[in-house]
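# Chains, contacts and geometry: an overview
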Amino acid sequence: MALLGYGVVVMAGLVGIASASRQEVRGPEGEMVGQVLEQVGIMVDQVVEMHLTGCHLVIISTTRHSHAFASILRRLSADEKPGVVVEAASEFITDQLARDNLFQELWGEDSVSCRGLILDLTASNSTAIGLRFMLSSGLHLRSQTRVVIVGRRSGVREVLLHHSLRNTLHALYLALHHHTFLTSSPHQLVKALDPVLVYRRCLYCNNGGADVQLVHQWSHNHRIDATNDLFLDNFQNMMGSELSIVTVPYFPYMDFEPCRNNPEGLVKLKDSLDVRILSTLVTKLNFTYKIHAEPLRSFGEDKNGKFTGMIGKLQQEETDLSTIVAPTSGRLRVVDFLRTYPSDPLALTSLKPAPLPAELSLVRPFEGELWVALLVSVGAWSVCLWLLQRAWQWVAGGRRVELTTALLYGWGALLNDPPRDPSVSVSGRLLVGWWLVFCLIITTGYNSSLVAHLTVEGTTRPLDTFEDLVQKPWKWAVDPWLYKGATLEYFAKHSSPVVKKIYNNMEMLEAKEALQKVKSGSFSLIDHKNYIQVLVASYYTDSKGYTPFYISDKGITVIAVFGWGVRRGAPFLSSFRQVLSRLEDAGIIDHWTQEVITRRVRENRESQSLDPPGIHDSAQGRTKVVLGLHHLQGAFYLLLLGAGIASLTLLGENLTICCSSPW
């Protein structure tokens, strides 16, 4: 246990301080008062044992000469309970450097799961100093800290309702009779033996506001009942307390319309995911809320440590929580974050992939390397057959096989119309037989693939990633109101050359204006996937489900998760997190997301024509494909190519004969 503020002393020093303080009260009266103060230490020790076991303890007094403080230290030291001991003297509070150094070590590591604060306010004129110390120490940022205060009965409400405890869920006040600190008369000695009254701060008892409750009368010669619940561990009822919420419109997560003639910016909520979650939390935890729009539709940008927008209002504690925001390193330093739903990835919206050229449909069933391998195989097999037959003729004689005859047979077999078998030996016939098996496999694969390519037209490769986008002579844009905060930070700070190129060439266009440019071609819109899907399905899709736009399947994850921002130290954070965790684990949030999107698309389409002009393509949606000249034009091109080559060959033959003729 260390003493912070004026230095560090060892445990023996603390015990010595406690013993010296005890000896200052002499005589029969002092013994009786000392007995009462000793019981105070026992009471605090029992609270620590029952409710603060394993917690990081902070023990604070405004003076070293407090008898109650000495008793508390003696009991905790005897039980070897670790902790930090602080003497919060008035001159120490004014020392900024010493105060900063203390607060850095006061609450322990961030990983500490339980913290306890014991505050001694029994000394005269100590209340103001102790409360100022708690206010400066950042106690309001640690709502789960369990606070035990020892003081006079006259200061119960002043202390438990102080601003420094505004977020504290668990606070006890052990109220001693004021005669405990006087020893001038027997009457006062009798009063000194009065029970210690135990008061509890109730955060939401007074119509949703904080109040003080008397929970126990503690006799000096009785141990506290272990079954007595001094702290309100179950925080499931906020008793109608009103929360202030700030929001921006971002469907499907939040949607609203402004209330007319309302200078406060209050809004009328529309069905959306956050509204459904809020309704569930209200039902479960019994609170009310007042929700207003952020005037500039700003999530929050860092301006030298001070944020704008919704994050700024949370930082300055002007509001309790905000709807959908993204957690960034800067924001998490000034607000708490409540994970609510998976993030909405960025998606590329472009024109649907165009059909591949129909004139290449005859060669498209095979990849280029397969065509090359096939041509090489025909030539190699023909040469092999020709050499085999020439070897047989050299040994046994007989009919001669020309190389052109072997080549024509190999090519004809591939076309399922081979000429007469050119082989003149058993070995040649064996080679021809294996070639026919090879041709059967090749032609079967080609025919089936050709039918598929003719009936289902191939399309160009869709744009799914930023790499696909920058490889084309393309332009792109983003919705201005989304290109702020976390999204802007992602593009501005990313080290990838591809993302840097996207950022440097980004245009700012409203979504509907950008989609009109997308329809013209060579242009893409970068937007959050859920948002753009609702827009396209509502206004750019016909009754048969056709849309000219393609939304990329591979989302670009900019933010790991979306959620709500909460002011630092908000006492309801843990209860909200528990309810939201159950909703997510049960799959209700995912179900609500799809349901909200489907319902909004249906409402939007009911308010307009189901077949927006210029969208529907009559070639789409057919169940049967009738092949026409468009599909088989490649065959005619091939026929013309063959006729042209044959004509040029005939011309060459004639010229050769004419030039070689003597007349």
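So, here is what we can say about the structure in this document. Along each chain, the written sequence defines residue order, and numbers are assigned to residues from 1. Residues qualify for local features only when their pLDDT is at least 70, as the model is predicted, and side-chain atom pairs are given and counted only at 80 or more; totals for whole chains, interfaces and linings, by contrast, use all residues. Working from all heavy atoms in the structure, the side-chain values ignore hydrogens and water.

### Some points on the packing of aromatic side chains
Condition: In this analysis, rings of Phe, Tyr and Trp, with Trp reduced to its six-membered ring, are considered paired at centre separations within 6.5 Å, and the interplanar angle assigns stacked below 30 degrees, edge-to-face beyond 60, and tilted for intermediate values. Put simply, DSSP H or I for four residues or longer makes a helix, DSSP E for two residues or longer makes a strand, and each gets a number counted from the N terminus. Burial status follows relative accessibility: with a 1.4 Å probe on protein chains alone, a residue under 20% of its type maximum counts as buried, one over 50% as exposed, and anything between as partly exposed.
The final tally for this structure, using the stated rule, is 16 aromatic pairs. A ring pair is formed by Tyr253 and Tyr341, whose centres lie 4.8 Å apart and whose planes are at 35 degrees; its orientation type is tilted. Taken together, the residues Tyr253 in the loop between strand E9 (241-247) and strand E10 (256-258) and Tyr341 in strand E16 (residues 335-342) connect sequence positions 88 residues apart. Like Tyr341, Tyr253 is buried. Aromatic rings pair up to connect Tyr250, Tyr253, Tyr341, Tyr531 and Phe562 into one cluster.

### Considering the sheet that holds strand E12 (residues 287-293)
The criterion, for reference: Pairing between two strands is assigned when DSSP locates at least 2 bridges connecting them. Under this scheme, a helix contributes an axis fitted over its contacting stretch, all axes are lines through C-alpha atoms, and angles between N-to-C directions fall in the 0 to 180 degree range. Any two residues whose heavy atoms approach within 4.5 Å are treated as being in contact.
Read from one edge to the other, the open sheet built from five strands follows the order E12-E9-E15-E22-E16, with strand pairing classed as mixed. Looking at the sheet topology across the chains shown, the edges are occupied by E12 and E16. Averaged over all adjacent pairs, the angle separating strand axes in this sheet is 25 degrees, with direction ignored. Taken together, the seven bridges between E16 and strand E22 (residues 561-567) define a ladder with antiparallel strand orientation. Bridge pairing links Phe337 to Gly565 in E22. Seen against the sheet, helix H9 (residues 273-285) touches E9, E12, strand E15 (321-325), E16 and E22 and runs at an angle of roughly 155 degrees to E12. Docked against the sheet, helix H20 (residues 573-585) engages E9, E12, E15, E16 and E22, running at close to 10 degrees with respect to E16.

### Digging into the pattern of salt bridges
Here is the rule: In the sections that follow, a salt bridge refers to a side-chain nitrogen of Lys or Arg positioned within 4 Å of a carboxyl oxygen of Asp or Glu.
Applying the stated rule across the entire model yields 17 salt bridges. Close ionic contact of Arg276 with Glu595 constitutes a salt bridge, the shortest N to O distance being 2.4 Å. Here Arg276 is found in helix H9, whereas its partner Glu595 is found in helix H21 (residues 588-606), with 319 residues between them in sequence. Judged by its relative accessible area of 16%, Arg276 is buried. Through salt bridges with shared partners, a single ionic network connects Asp255, Lys270, Asp271, Arg276, Glu595, Arg599, Arg600 and Glu603.

### As for the pairing of strand E17 (residues 346-351)
The buried fraction of E17 amounts to five of the six residues, a majority that puts the element mostly inside the structure. Bridge count between E17 and strand E20 (residues 523-528): four bridges; the pairing is antiparallel. Bridge pairing in E20 links Thr349 to Leu525. With three bridges connecting them, E17 and strand E21 (residues 549-551) associate as antiparallel partners. In the sheet register, Ser350 faces E21, and the bridge partner there is Tyr550.

### Overview of the nonpolar core
Our working rule: What is meant by a nonpolar core is a set of buried Ala, Val, Leu, Ile, Met, Phe, Trp, Tyr and Cys residues, joined one to another through side-chain atoms within 4.5 Å.
If you look at the biggest cluster of nonpolar residues, it comprises 86 residues, and the most contacted ones within it are Phe466 and Phe576. The dominant element in this core, judged by the number of residues it contributes, is H9, at six residues. Not counting residues within four places of it along the chain, the set of residues in contact with Phe466 comprises Leu348, Tyr490, Phe491, Val498, Val499, Ile502, Ile526 and Ile556. If you look at the next biggest cluster of nonpolar residues, it comprises 27 residues, including Ile60, Leu106, Ala171 and Tyr199.

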